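Structural characterization, general
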Amino acid sequence: MERETADILESLHPDAFGWALHCCGGDASRAEDVLQNAYLKLASGRLHHSGASSFKTWWFGVIRYTAHEEFRRLRYRESLLGRLIQQLAGDG
């Protein structure tokens, strides 16, 4: 990651965490996970800012999308767990 990008991310971090917190319905633990996953996506080279919008707008979109992905995964795991519990209890 370029030093300039790292500096921008560092300056945006407090606002980015606040946005992640909002996207996660106030759950600070989930917001930390979402923000860490967004940083990992960027650090691994899976994401690139095209310049079509400001970096902040783009970054906050990445965070929102990552929060949505995490929410979908959580719901999927919960639904699988619920079905398993029903089967084990003999309700299914």
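These figures come from a predicted structure and were not determined experimentally. (Residues numbered from 1 in each chain as written. Predicted model: local features only at pLDDT ≥ 70, side-chain atom pairs only at ≥ 80, totals over all residues. Heavy atoms only, no water.)

Of regular secondary structure, the chain possesses three helices and zero strands. For the chain, the succession of helices and strands along the chain, N to C, is α-α-α. Relative to the globule expectation of 12 Å for 92 residues, the C-alpha radius of gyration of the chain, 17 Å, shows a markedly less compact shape. In the chain, which comprises 92 residues, the proportion classed as buried is 24%. Accessible surface, the chain: about 6400 Å² in total, of which carbon and sulfur atoms supply 53%. Counting 11 positive and 12 negative side-chain charges, the chain places the averaged centre of each group 8 Å from the other. (Helix = DSSP H or I, 4+ residues; strand = E, 2+ residues; numbered from the N terminus. Rg over C-alpha atoms; globule rule 2.2 N^0.38 Å. Buried < 20%, exposed > 50% of the residue type's maximum accessible area, 1.4 Å probe, protein only. Areas by Shrake-Rupley, 256 points an atom, 1.4 Å probe, with all protein chains shown as cover. Lys, Arg positive; Asp, Glu negative; His and termini not counted. Charge placed at Lys NZ, Arg CZ, Asp CG, Glu CD.)

Turning our eyes to something else, we now look at helix α1 (residues 3–23). Along α1, the helix axis deviates most sharply at histidine 13, where the bend reaches about 55°; the proline proline 14 sits within four residues downstream. Listed as buried for α1 are Thr5, Leu9, Leu12, Ala16 and Ala20. On its buried face, α1 is in contact with α2 (28–43) and α3 (55–89). The positive-phi residue at the C-terminal boundary of α1 is glycine 25, with phi of around 65°. (Bend = angle between axes of the 7 residues up to and from the residue. Contact = heavy atoms within 4.5 Å.)

Attention now goes to the pattern of salt bridges. For the coordinates displayed, the defined rule picks out four salt bridges. When the shortest N-O distance is used, the salt bridge between lysine 56 and aspartate 15 registers 3.7 Å. Separated by 41 residues along the polypeptide, lysine 56 in helix α3 and aspartate 15 in helix α1 bring together distant segments of the chain. Take lysine 56: its relative accessible area is 38%, and that puts it in the partly exposed class. Residue aspartate 15 is classed as partly exposed on the basis of its relative accessible area of 43%. Across the pair glutamate 69 and lysine 41 runs a salt bridge whose closest N-O atoms are separated by 2.6 Å. Note that glutamate 69 is positioned in helix α3 and lysine 41 in helix α2, a separation of 28 residues in sequence. Here glutamate 69 falls in the buried class, since its relative accessible area comes to 15%. (Salt bridge = Lys/Arg side-chain N within 4 Å of Asp/Glu carboxyl O.)

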